[in-house]
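Residues per chain, in single letters:
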Amino acid sequence: MSRTTIRIWYLIHKWSSLIPTAFLLMLCVSGLPLIFHDEIDAAMGFDTEKSLSGVASSEGGLPLDTMLDRALAERPGEVPLFMAFSQDSPLLTVTTGPAPDAASGDMHLQFLDRVTGEALGPAPVNPLLDFLLQLHTDMFLGLPGMLFLGAMGISFIVALISGTVLYAPFMRRLRFGTLRARRSLRVKRLDRHNFLGIVTLVWALVVGATGAINAFADPLTDAWRNGEIAEMTAAYASSQPLAPADYGSIDKAMAAAQDALPGRNPQFIGFPGGSWSSGHHYAIFFQGDRPVTEHLLTPALVDAATGELTDARTMPAINQALMMSKPLHFGDYGGLPLKILWALLTLATIWVLWTGIFLWLRRRGGEIDRRVDEIALGARKEMRA
């Protein structure tokens, strides 16, 4: 690369790093305990699922219509919005609200035992993790906050790529991982910053990309609903949305969906009128039967009035990426060992971000030119060699 090209990449790396750094530090610090959300909930007594035993709610138990009736009896005057299943225990959750298109703040989540039919009351909320999750998701600003953090995630990816572009020619004249111990304290800090940045590069790209995808979850879901769902339910386009009083049997709808998608377990049901369904259908989402595919969802749309299958098709690739990105973002694929690895890499990233700020605050006059000359010198020596 020419000196001008290196200078451009250096400036890209500098500003794509500096602008999002404060927010990235906040995301790393708030995300660290969220990696262990299951373990923290269990330690603080918020893990209701742990106390239940019996067949998984996704595989069997009392009729779904019975479970819905018991949930609605706990919340008179409300309508069903979602029903979600556990793959490991009898826990079944039902979300209700004042209207089919209720805002998230008006939703009410209940826990039930599908084996006994017992209503376990509202879902216990860990105030600490709930606060951290909302801070991590949207900074308490709703969709604008999510989109802003998504933009910060994209800037972080640019910083990682530009840093790699600069690191490659510089390290060609040094062994990988070299820390120049005889140089000044600033150079040693810079070497450690660069080394840890490269070591955590792939992980940081994965977490940054999945975080950015998660930040655009609402627009992606709306696009899927307005596109694919509209196409699948085109015959209902001129019909009025179905009233909750006219909803038919969920068990009949589930049977029709399972006939169309055999060998899969249901993950959740979106009721008519919500963001995950149409105005006329139960949207029953099934997951794969392997660890790698359990987050790949296939929806079956069933006419909520008649219980007849309308269509079943795989979600678009971008929506599948959204489904897979959520657990991958928090290291939920490989149990506790992977979570510990995720936590260690998060701590390393916090260190890289902090040293980046420190190096910038302690910069000296002509810093850009000196760094560009150092990288360009390494590139020229490599070419001569």
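Our structure is the block above this text.
Residues numbered from 1 in each chain as written. Predicted model: local features only at pLDDT ≥ 70, side-chain atom pairs only at ≥ 80, totals over all residues. Heavy atoms only, no water.

Caption draft 1: Representation of helix H3 (residues 64–74). Here H3 has its buried residues at Leu64, Met67, Leu68 and Ala71. End-on view of H3: buried residues confined to an arc of 100°, all on one side of the axis. Along H3, the residues that are exposed and aim more than 90 degrees away from the buried face are Asp69 and Ala73. Looking at the buried residues of H3, the elements they touch are strand S1 (79–85), strand S2 (91–97), strand S3 (108–113) and helix H9 (250–260). (Buried < 20%, exposed > 50% of the residue type's maximum accessible area, 1.4 Å probe, protein only. Helix = DSSP H or I, 4+ residues; strand = E, 2+ residues; numbered from the N terminus. Arc of directions from axis to C-beta. Contact = heavy atoms within 4.5 Å.)

Caption draft 2: Representation of the pattern of salt bridges in the model. Within the structure shown, the criterion is met by six salt bridges. In this structure, the salt-bridge partner of Lys339 is Asp38, at a minimum N-O distance of 3.5 Å. Taken together, the positions of Lys339 in helix H11 (residues 335–361) and Asp38 in helix H2 (residues 37–43) put the pair 301 residues apart, joining distant regions of the chain. For Lys339, a relative accessible area of 4% puts it in the buried group. (Salt bridge = Lys/Arg side-chain N within 4 Å of Asp/Glu carboxyl O.)

Caption draft 3: Here's a closer look at the packing of helix H8 (residues 217–232) against helix H10 (residues 317–329). Between H8 and H10, whose axes approach to 10 Å, the crossing angle comes to 140°. Taken together, the axes of H8 and H10 lie oblique to each other. Note that H8 runs across H10; the crossing there is left-handed. Contacts from Ala217, Leu220, Thr221 and Trp224 of H8 reach H10 at Ile318, Asn319 and Leu322. (Axes fitted to C-alpha atoms, helices over the stretch in contact; angles between N-to-C directions. Parallel < 35°, antiparallel > 145°, perpendicular 65-115°, else oblique. Left-handed = near helix turned anticlockwise from the far one by under 90°.)

Caption draft 4: A nonpolar patch on the surface, seen in detail. A contiguous nonpolar surface patch, about 310 Å² in accessible area, is contributed by Ile8, Ile12, Ile154 and Val158. In this structure, Val158 sits in helix H5 (residues 143–171). On the basis of relative accessible area, Val158 is assigned to the partly exposed category, the value being 35%. (Patch = residues over 30% accessible without salt bridge, like charges linked within 9 Å, V, L, I, M, F, W, Y side chains within 5 Å. Areas by Shrake-Rupley, 256 points an atom, 1.4 Å probe, with all protein chains shown as cover.)

Caption draft 5: Molecular detail of the packing of helix H1 (residues 3–35) against H11. Where H1 contacts H11, the two axes come as close as 9 Å, and the packing angle between them is 150°. For the pair H1 and H11, the crossing hand works out as left-handed. On the side of H1, the interface is formed by Lys14, Leu18, Thr21, Leu24, Leu25, Cys28, Val29, Leu32 and Ile35, while H11 contributes Lys339, Trp342, Ala343, Thr346, Leu347, Thr349, Ile350, Leu353, Trp354, Ile357 and Trp360. Residues belonging to the contact of H1 with H11 are distributed by class as follows: 15 nonpolar, three polar and two charged. (Nonpolar A, V, L, I, M, F, W, Y, C, P; charged D, E, K, R; others polar.)

Caption draft 6: Fine view of the nonpolar core. Core analysis: the biggest nonpolar cluster contains 24 residues, and Met83, Leu92, Ile250, Ile269, Phe271, Tyr282 and Ile284 have the highest contact counts within it. For this core, the elements supplying multiple residues, two or more each, are H3, S1, S2, H9, strand S6 (281–287) and strand S7 (297–303). (Core = buried A, V, L, I, M, F, W, Y, C linked by side-chain atoms within 4.5 Å.)

Caption draft 7: Main features of unusual backbone geometry. Despite not being glycine, Met139 has its phi angle at roughly 55°, a positive value. Here Met139 shows up in the loop between helix H4 (127–138) and H5. Residue Phe140 is not a glycine yet carries a positive backbone phi of 65°. Judged by its relative accessible area of 39%, Phe140 falls in the partly exposed class.

Caption draft 8: Molecular detail of the sheet that holds S3. With antiparallel pairing, eight strands are arranged side by side in an open sheet as S4-S3-S2-S1-S5-S6-S7-S8. Both edges of this open sheet fall to strand S4 (119–122) and strand S8 (309–312), since each of them pairs with a single strand only. Adjacent strand axes in the sheet meet at a mean angle of 25°, parallel and antiparallel pairs treated alike. By the bridge criterion, five bridges tie strand S5 (residues 265–270) to S6 in an arrangement that is antiparallel. Bridge pairing in S6 links Gly270 to Ala283. (Pairing = 2+ DSSP bridges.)

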